[in-house]
Amino acid sequence: MNFEELQTLDRQYVMQTYGRFPVAADHGKGATVWDVAGKEYIDFASGIGVNSVGYGNEAWQAAINGQAAKLGHISNLFYSEPYILLAQRLCQRSGMSNAFFANGGGEANEGMIKLARKWSFDKYGKGRGTVITLNRSFHGRTITTLAATGQEVFHNYFFPFTEGFRYADANDLSSLEEVAGHDVCAVMMELVQGEGGVLPLDAEYVQKVAKLCAERDWLLLIDEVQTGIGRTGALFAFQQYGIQPDVVSFAKGIAGGLPMSGILANEKCRDVFTPGTHATTFGGNPVAAAAALAVQDILTDELLEQVKEKGAYLRAAIEGLDLPCLGATRGLGLMIGVEVKGERTNAQLAARLVEAGLLVLTAGPDLRLLPPLVITREEMDKGLAIMKAALS
Ligand SMILES: *Cc1c(COP(=O)(O)O)cnc(C)c1O
């Protein structure tokens, strides 16, 4: 079907919850995508930070095909090898103790919040279930994770929201101390706020928060749904911040495009969830877990180093284009924010870039780039040339 036919059917049969670009994607290879008309696009978006190993990776395909042929699903009432090996690999590479697998970022964060509240209930009883989150954060679209999200625009329509969240300003310890109280059980944060605008937290601030959490016996919950699985140049961003969380969530890039998420707990929190206290039907699905294991094989320490180099290269090159509509860049690894200046909005610039053949994202008022971690120098240079031509 061509684009117009697909768009007509979409409008008739699909709830219109997304402002889509006028592109119908058909296939991809590496960091390059083609639409149904055969037009080529360089991908600086990875879906939304999902296609960590690019499109059509052969080892990833083989893992999925092999597992689908062998055992596509079995419930969590049985053991299966892929999720067990994945849990082992993630724990060994992160210093965490054990894992729970789910299906999306919001669901993983729900689990993390539930774990924190139960940990506190087991130790202190009722009345200590408040989680402090940061302004400009984003933690998901479920009723509870919307409440956890520190942006007023998300606290609409769906009343009543889950109670038990308070918000502090990022990079401001006194703001966090102001909202603290005897009812607090945890602090939850992204280390680079993604949807909020690609805003990296200061390492010194994060270390002080970790210290405060230890002093007050609060859990430190790190939402690495976007920053995790190599995006910032380490398997988890916390490994670059000099802290060890009590619980960390991950999702987007974990299985290279298949839906999967989860949380990792440290030794202190490893036994908080017991049989019957938390579950999800699809969590740890064998095909998704096999895909995630293939992603782990691809994301070697050497590749993670390259993620840092590629990020530095892209940022310097974008600033070097000296485009009047773009300002400074910021971020960590291949999670990059580009300041938008002048009359045109980020949405207008993104539309222009997509039309010209470069897939990009927006965040806050700016542009956001999350290329596949395996993007090549040639693909980056092609994308930069498109950016230069389209925005000059
Ligand atoms: C995308 C995102 C989420 C939500 O993930 P879903 O898979 O859409 O539920 C939560 N937290 C952060 C930091 C994210 O970037």
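Thresholds, definitions, all that
- Along each chain, the written sequence defines residue order, and numbers are assigned to residues from 1.
- Local features in this predicted model are restricted to residues whose pLDDT is 70 or higher, and side-chain atom pairs enter the listing and the counts only when it is 80 or higher, whereas totals over whole chains, interfaces and linings include all residues.
- Values reported for side chains reflect all heavy atoms of the structure, with hydrogen atoms and water molecules removed beforehand.
- An automatic or database domain assignment is the source of the domain bounds shown.
- Here the quantity called buried area is the accessible surface, traced with a 1.4 Å probe, that two parts lose on coming together, added over both.
- Counted as salt bridges are all cases of a side-chain nitrogen of Lys or Arg within 4 Å of a carboxyl oxygen of Asp or Glu.
- We call two N or O atoms a polar contact when they sit within 3.5 Å, provided that within protein one can donate a hydrogen and the other can accept it, with sequence-adjacent residues counted only if both atoms are side-chain atoms.
- In this description a helix means any DSSP run of H or I spanning at least four residues, a strand means any run of E spanning at least two, and both kinds are numbered starting from the N terminus.
- Two strands qualify as a pair provided DSSP detects at least 2 bridges between them.
- An axis is simply a line fitted to the C-alpha atoms; with a helix, the fit covers only the stretch in contact. Between two such axes, the angle follows the N-to-C directions and lies from 0 to 180 degrees.
- We call two residues in contact whenever any of their non-hydrogen atoms come within 4.5 Å of each other.
- Definition of nearness: a residue and a molecule or strand are near each other if at least one heavy atom of the residue lies within 4 Å of the molecule or strand.
- Exposure was quantified through the Shrake-Rupley algorithm and a 1.4 Å probe, taking into account, for residues, occlusion by the shown protein chains and nothing else.
- Note that Gly is not counted as nonpolar here; it falls among the polar residues with everything else outside the nonpolar set of Ala, Val, Leu, Ile, Met, Phe, Trp, Tyr, Cys and Pro and the charged set of Asp, Glu, Lys and Arg.
- Geometric relationships in this document are graded by angle, where less than 35 degrees denotes roughly parallel, more than 145 denotes roughly antiparallel, 65 to 115 denotes roughly perpendicular, and other angles denote oblique.
- Two helices cross in a left-handed way if the nearer one is turned anticlockwise from the farther one by less than a right angle. They cross in a right-handed way if the turn is clockwise.
- Here the term buried applies to any residue with accessible area under 20% of the maximum for its type, exposed to any over 50%, and partly exposed to those in between, with areas from a 1.4 Å probe on protein chains only.
- In this context, the arc is that of the directions from the helix axis out to the C-beta atoms.
- Here, nonpolar core refers to any group of buried Ala, Val, Leu, Ile, Met, Phe, Trp, Tyr and Cys residues whose side-chain atoms link them within 4.5 Å.

## Looking at the domain arrangement of the protein
Structurally, the protein comprises domain 1 (3-52 + 300-391) and domain 2 (59-298). One C-alpha centre belongs to domain 1, the other to domain 2, and the line joining them spans 26 Å. Across the domain 1 to domain 2 interface the summed buried area is about 2100 Å²; carbon plus sulfur atoms make up 57%. Together, L304, L332 and M335 form the three largest contributors to the area buried by domain 1 at its contact with domain 2, with a combined 29%. One salt bridge connects D301 with R93, and the closest N-O pair in it is separated by 3.5 Å. Counting the contacts that link domain 1 with domain 2 gives 10 residue pairs in polar contact (both at pLDDT 80 or more). The set of elements that each furnish at least two residues to the side of domain 1 that touches domain 2 consists of α2 (46-49), α10 (301-321), β13 (326-332) and β14 (335-340). Per element, the largest residue contribution to the side of domain 1 that touches domain 2 is five residues, and it comes from α10.

## Quick word on the pattern of salt bridges
A complete count under the given rule lists 18 salt bridges for this structure. Among the ionic pairs, R216 bridges to E177, the shortest N-O distance being 4.0 Å. A residue pair is termed long-range when its members are at least 10 positions apart, and R216 in helix α8 (residues 203-216) and E177 in helix α7 (residues 173-179) qualify at 39 residues. When salt bridges that share partners are traced, they join E267, R270 and D271 into one network.

## Structural notes on the sheet that holds β14
Taken together, four strands build an open sheet; the order of strands is β13-β14-β17-β16 and the sheet is antiparallel. Two strands lie at the open edges of the sheet, namely β13 and β16 (361-363), each paired on one side alone. Put simply, the sheet's adjacent strands are angled 30° from each other on average, direction ignored. Pairing of β16 with strand β17 (residues 366-369) involves three bridges; the strand directions are antiparallel.

## Description of the sheet that holds strand β1 (residues 25-29)
The strand order across the open sheet built from four strands is β1-β2-β3-β15, with neighbouring strands paired in mixed fashion. Bordering the open sheet on either side are β1 and β15 (358-359), each of which pairs with just one other strand. Sheet topology places β1 next to strand β2 (residues 32-35); four bridges connect them, and they run antiparallel. By the bridge assignment for β2, K29 is matched with T32. Helix α12 (residues 377-391) rests against β1, β2, β3 (40-43) and β15 of the sheet, and its axis sits at about 110° to β3.

## Here we look at the site of the ligand
Taken together, G104, G105, G106, N109, F138, H139, G140, E190, D223, V225, Q226 and K252 make up all the residues around the ligand. Here a nitrogen atom of the ligand sits 3.3 Å away from a polar atom, N or O, in the main chain of F138. Between a nitrogen atom of the ligand and a side-chain N or O atom of D223, the distance comes to 2.9 Å. Within the complex, 79% of the 380 Å² of free accessible area of the ligand lies under protein. Per-element accounting of the shell around the ligand gives the leading share, three residues, to helix α5 (residues 105-124). Considering only residue class, the shell around the ligand consists of two nonpolar, seven polar and three charged.

## Focus: the packing of helix α3 (residues 58-70) against helix α9 (residues 286-298)
It is at 8 Å that the axes of α3 and α9 come closest, and there the two elements cross at 155°. The orientation of α3 relative to α9 falls into the category roughly antiparallel. As for how α3 packs across α9, the hand of that crossing is right-handed. Along its contact with α3, which presents A59, W60, A63, I64, Q67 and A68, the element α9 presents P286, V287, A290, A291, A294 and V295. For the contact of α3 with α9, the per-class residue count stands at 11 nonpolar, one polar and no charged.

## What about helix α11 (residues 346-356)?
Turning to α11, its buried residues are N346, L349, A350, L353 and V354. Seen from one end, α11 has its buried residues packed into an arc of 135°, which puts them on one side. Following α11 by one or two positions, G357 adopts a phi angle in the positive range, close to 105°.

## Quick word on the nonpolar core
If you look at the biggest cluster of nonpolar residues, it comprises 93 residues, and the most contacted ones within it are L326 and M387. With eight residues, α9 is the largest single contributor of residues to this core. In terms of domain composition, this core takes at least three residues from each of domain 1 (3-52 + 300-391) and domain 2 (59-298). Not counting residues up to four positions away in its chain, the partners in contact with L326 are I318, V338, E339, K341, L349, L367, M387 and L391. Counting 24 residues, the second largest nonpolar core, distinct from the first, contains V131, A147, M188 and V272.

## So, unusual backbone geometry
Note the cis peptide between F159 and P160, where omega equals 0°. Here P160 shows up in the loop between α6 (143-148) and β6 (165-168). The phi dihedral of R136 falls on the positive side, at around 70°, and the residue is not glycine. Take R136: it is sitting in the loop between β5 (130-134) and α6. Of note, the phi angle at I229 is positive, near 60°, even though the residue is not glycine.

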